[in-house]
Structure formats: C-alpha cells, structure tokens
Amino acid sequence: MSGTDYNYDEQGDFFPFFILTITSLVTIPVTYSLLKPSKELENTATRITSDFKPEHADLIDGQRKKQKRRERRLKRGIVSVAGWTVIGLMIYLIIVTARTTVKIWNPYEVLGVSTTATEKQITSHYRKLSRTMHPDKAREDLSRNITAQSINDRWVEIVKAHKALTDEEIRNNFLLYGHPDGKQSYSIGIALPKWIITDGHGKYVLLMYAIALGVLLPYTVGKWWYGTQRMTKEKILIASAGKLFREYDNDQGDSGVIGALSSGEEFNEILAGHKAENGLSKLEQRVLANGSETSISGSLTRKDREKLEDMEDSRRRKVLTLIWAYLGRIELDDETLNDEKFEVAPVALRLNDAYTAIALAYGNTKAVLSAYHTSQNLIQALPPGASPLEQLPHFTPAIASAAEADRSRTHLSIQEFMRIPVDQRKSRVVTPGLLNDAQYNKAIKVASQLPVLHVERAFFKVVGERHVTPSSLVQFVLKCRFMPPGSGNVPDIDLAELEDVDPDEGDLAAITGRKDDRSGLKPIQPPLTYAPYYARDHAPRWHVFLADSKQGKIAVPPFSFSTFDKPILDESGNHTYNVQTLKMQFGAPPQAGSYTFVMHMICDSYIGMDTKMEVTLHVEDASKAEEVESEEEISEPDEDTIAGQMRTLKSGGVPGADKAKKRRTQDDSSDGSDTDGDVDSESETDTDTDTDDE
C-alpha cells in the first residue's frame, strides 16, 4: 500500500493542540514585548530630588500618564490577554477531554497468546481458533452485531497474525515496519473536526480562508509597510520632514526655528476637528498682550510676530501660539488650552530633532546651534533669551532679574549665581515679594544637583603614534568632570587621569573606538533632566562638534554622549568628581599645518551650561615625523650597552640617570600627539585656547 491518506480529527482530540500551538506562536512574543524591561535611558536613570510642584502639575502629570499608556500599547495588551485566555481554555479542553487512542496492531494480542509462546504453541492455538472463527464454521448473529463481513475481517486478522509469527518474510515485515504487509502509507492528520469540512460547511471554511488570506494578511502587511515608509528615523512623518525642509533657513535664529516646528503634521492629531479653532482668539490675546507680566513679546522678533499674525491656517496658528504660551509659562485661564499647551511641547521637541538633522546636513554652525538651543528652551519651558536662573524652582523673570543685580547686558548662569558668596546671594532674592527661605532652599537644592560637565583637558591624538600626520585617523579626546554648581571641596585631579593610554597592540576594537568596556553592565548616566514643566522624562545628552569659525561651517559633525565610563554619584548620592573620557574620531586634513577649530559642547537639556573653546590641531608632514622619530631613536648609543655606559662615565654622569631623564621627557612630549592642550578649571588651554560658557 502506498500513497498518502488524509484523515480528519473525527473526535476533536487534536483540535485543542492545533489552536494552542497557533495561539502560542502569537501570544508569547506579544507578551514578551509587552513585559520586557525597557532599555531606554529615560526608564533607567535616577532623578534629581525635589518636592517642587509647578502650576498645573496635575495637567503635566496627566500628559505623562497619557504618554505612558501609549507606550504600553493597549492593542498589545488586549491581544496578550485574549491569547492567554484562549491558551487557558485549550489546556482545559486537553485535560478534560477523553482522547481516543489509536490501537497498535499486535499479532500476539490478535491470536490471544503470550509473547513467550513458542512456534508450536502458536500453531496449536491457531488451529483451535480455526475450528470456531473460520468463516465456514462461524455463524452470523445479528443480535450481537456479528455479520459475515465482520467474521471475514476477524479471520483475516487471525491469519495475518499467525503468519507474522511463523512465516519468516512476514515476520521480518512486522519487525521492520510493524505490519505483516510491509511498509504502509503515511497519514496526514488534519486537526479539524470533520463536520467543519463536511455537512455543507465547506463554503464557510473557504470564506474564512478568503478573508484571512485576501483581506487580513494584505491589510496587516500593508499597514506595517506604510507605517515604516511614512516615518523618518527621527520618528516623524515624512510629510512633516518635507515641511521642515521648506521652512529651513540658516539665519532664522531660535525664534525662527520655533516657527518652523509649528508646520509639523503631528499636531493635526492633537488639534483634530473643531479643536483647531476653539479658544484661538483668547489664546492669541493672552500670548500677544503687550505690557503683561506674562507676555513673551520681547522674545518675538517683529518678523516672527508678523508671521504669526498673517498665518491663514488656523490650526498652525494655534499650534505656534500654544508653543509660545508654553515657553512663556503663560496662564491661559482655560483648562483645555493649558492641557494642549503641555501636550504640544514633546511633539515640538521630536520635530526639532528632525530639524537638527536638516541643519547638520547643511553644515551651518549658526543653524545647528539654534536647533540645539531650541531643544533646551522646549525642555525647560523658557523662551529664547530667558535667564538660565528661571530653570530653578520658584524663579520667575522678576526674581532672576533681582538675582542678576546690576548685570543687564548678559544673564547670570546658574554656575555663576552659585559662585556668589552665600549671604550676598541669599540677600538678593530672599526679600518680601520675591522668595522666602523655604523656596530659596528648594532652588539651591536643585541647583546643587544639576550635572554640569566641566572640561579639564582637550587634545588630539593618533592611537599608537606620537604625531598627527595627514589623513590619519585622529581622536579628539575630552577629559571632563561633572561639577554641579556651588561644588565645594572638589578633590584635585590626578594628572595621570588626564592622560589617554593607548590600547594594546592588536586590540582593533579599542583602536577603532568600538570597544565597550562596560558591555553587559548597566550604563552609567546622569540623573534625568530636571524639567518640571516638560510632560515627559528626558535623559540629558551632550553633543560635541568642531566648527570652522571663519567659514561658519561645521568641520566635524557632532558626537553625542548620554552615558559615561565612570560613576557620577556614589552609593550615598554624592558626586564622585571622577574624570570622564569623551572621544570622537575623524580623518585628519590631507595637508600638513596647524588647524584651529572652535569646539562646542552643548547639553540639549539645560540652558547656560554649554562650553565653547578653541582647539588647535597640529598636522605634521609624514616625512618630517619619521625623521624626528628616527633621530630620537638612533642619535645616541643605548645606555644598556657598553658604548653607552662608557660615554656616560666620560661625561661625568651616572649610568642610568640620563636614561630615566630621557624617558620622562619622552612621556611628557608624547601626550596629545603634539596637539593642544591642557584645560584648567576655567576651561583655558596652555595654547591660547579661548573658552567661554554660553
């Protein structure tokens, strides 16, 4: 017998197994993705401790919870719950359902003899059965359901069993294939009860397959594909990216960037339908009111004001006005408008990431800085040009102005404010009408926890080389420490920590900067950004890039840092002041010479904590570098040789002394590959490096 037999699960025994398998293939991955711990930095970092509650804290918390609900992905939760319900039901059916088992053909059982019976005993028993079971001897008995067909079938089984145990060929078939007739056809079981296919139900099965394969599958694949194609890597709509590209301008400044962000299509979901015009006139009246304490008209240029007033698209006009209301922390006297105000800010920040990518593609330094500053403004809910002191709890423009005293041309940074003597600092802001002692202490507590990254040294180097040569792979190394404002008793730096030791020869991963010495460990990151008005958790990031000040272009694109190699806080929560190492790699210029860049280190989360300094890269001609190294290597005999020791004794020296001195000199001269330069606590280098805090 050959071929293939198809049979159905007549009793429904295997149907639960089929459903259990299919459901598990979907439910288990969905549940894992739903419950697995998030690796995003916003979910793993510590927080700056403060009990300050901003105005409308309930609305801000509501927006945060709303975002978390979106991140949980309700659809996945529903699928997971439904899947596990079906799995539980199928397991229950498997347990309680009595399954029919397929009986294995056994010749000993058919004949009714023991498995230890001899051939003689088997033959004797077979002859006894033939006297009663042979079709010529047996009689039909319809009352017992014994028919001629059943008698014949029974006798055929007895004959097969006897031959299987006495005939050599048949016995071999039974031993090899489990059947006296030899190899049998294999059976494919369909784990569906037969009544689903038969009894007129076939058309419904075909309809089910048509819907699954012709509708659901194409819809799911199409929706996934469309979703991937309509979004950029910055997670914004392609349509929004196109609008931002058209709105881009190298010289539009910080306020111009904010205007460009209002063109995003993502806001259509927030202000769908009638929401686009509801409360617009009241909103514009509050935001653009002149002479009001909450007015931000000082941050709006004339061009920006005209652009806002001339917008014909009511939805975009409302979005832009809401963003300015958020930046100005303006009370709108309407719960719905206030809620929308806090909702648009995170969307604007996501759009700003895409705008930053466009600015980087153009390579204009001014535009890139405007985009980074806009990020700071959106996270801290402050308009362009606002005082950095307003990032502290309870600090309003009036209090910040009082803290800055006679300083009118430029604002006071938090670091500068904390360097003012305690009594003088407190006397400026703790007065009737400004702050009380409790509010002042809250502000100082937050200020003393802010992660200010201070550059201790900056230099260029080439791994394994003493000089930077044309077109070599250069590393720009920053040695920094986290020093919160007002830090006292800061430990001195071990000079050895300011050096950058080359990796072992042959360690290609470390040489190319791809080695992760903390693989498998929890990343070391600073606390989450202190931003009480921003309705999301945000992990601070530092962007470091080199710019050409003469051309106003970016020379080396930004490298972003959000985790570090050494602990920032100890187990007690105190700052460790460890030296952190930041590295960025790029190709050296193809020509020898000295190249001066402006290094920008921008924190995307805090205002007034940026670092700007000049650094000079010295590129030596390859032939000249080889000559210098050759002269240093063979100009004098080695002191370990007899000739070297004789020369030292003739000169009146002590053998070994010059060698130690020479080693120290080489160590000192090899640092930084003849590039600039050490940075002291005021971010100045020893090669006329100009530094100022922005």
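Residues numbered from 1 in each chain as written. Predicted model: local features only at pLDDT ≥ 70, side-chain atom pairs only at ≥ 80, totals over all residues. Heavy atoms only, no water.

Looking at an unreviewed UniProt entry, one finds the protein named J domain-containing protein, with Pleomassaria siparia CBS 279.74 as its source organism. In its Subcellular location (unreviewed entry) section, the UniProt entry covering the protein states "Endoplasmic reticulum membrane". (UniProt positions renumbered as here; feature names shortened; annotations may be inferred.)

(A) A look at the UniProt feature "transmembrane region" (unreviewed entry) in the protein. The UniProt record marks residues 14-35, 74-95 and 204-226 with the feature "transmembrane region" (unreviewed entry), using the residue numbering of this structure. Secondary structure content for residues 74-95 is 100% helix and 0% strand, and the end C-alpha separation is 32 Å. (Helix = DSSP H or I, 4+ residues; strand = E, 2+ residues; numbered from the N terminus.)

(B) Spatial organisation of helix α17 (residues 365-380). End to end, α17 covers 23 Å across 16 residues, agreeing with the expected 22 Å (1.5 Å per residue, within 8%). Of all 16 residues that make up α17, 15 are buried, and the element is covered over most of its length. Two to three positions downstream of the cap, the backbone nitrogen of Lys 366 sits 3.1 Å from a side-chain oxygen, assigning the N-cap of α17 to Asn 364. Immediately downstream of α17, the backbone of Ala 381 shows phi near 55°, a positive value. (Expected span 1.5 Å × (residues − 1). Buried < 20%, exposed > 50% of the residue type's maximum accessible area, 1.4 Å probe, protein only. Polar contact = N/O pair within 3.5 Å; in protein donor to acceptor, adjacent residues only side chain to side chain.)

(C) Spatial organisation of helix α14 (residues 302-309). When we look at burial in α14, the residues that qualify are Asp 304, Arg 305 and Leu 308. On an axial view of α14, the arc spanned by its buried residues comes to 100°, and they lie on one face. In this structure, α14 carries Arg 302 and Lys 303 as exposed residues pointing more than 90 degrees from its buried face. (Arc of directions from axis to C-beta.)

(D) Broad picture of the side chain of Lys 479. Within the secondary structure, Lys 479 sits in strand β4 (residues 473-482). Side chain to side chain, Lys 479 and Thr 581 meet in a polar contact 2.8 Å long. Beyond its immediate sequence surroundings of up to four residues, Lys 479 is in contact with His 454, Val 455, Glu 456, Arg 457, Phe 459, Glu 497, Leu 498, Glu 499, Asp 500, Val 579, Gln 580 and Thr 581. (Contact = heavy atoms within 4.5 Å.)

(E) Summary view of the pattern of salt bridges. As enumerated under the stated definition, the model contains 16 salt bridges in all. In this structure, the salt-bridge partner of Lys 243 is Glu 265, at a minimum N-O distance of 2.3 Å. Here Lys 243, found in helix α10 (residues 238-247), pairs with Glu 265, found in the loop between α11 (253-261) and α12 (267-270); they are 22 residues apart in sequence, far enough to count as distant. Residue class for Glu 265 comes out partly exposed when judged on its relative accessible area of 22%. Arg 286 is the partner of Asp 333 in a salt bridge, and the nearest nitrogen-oxygen pair spans 4.0 Å. Highlighted residues: Asp 333 in the loop between α15 (314-327) and α16 (335-362) and Arg 286 in helix α13 (residues 280-287), separated in sequence by 47 residues. Classification of Arg 286 as partly exposed rests on a relative accessible area of 27%. One network of salt bridges, in which partners are shared, links Lys 461, Lys 479, Asp 500 and Lys 583. (Salt bridge = Lys/Arg side-chain N within 4 Å of Asp/Glu carboxyl O.)

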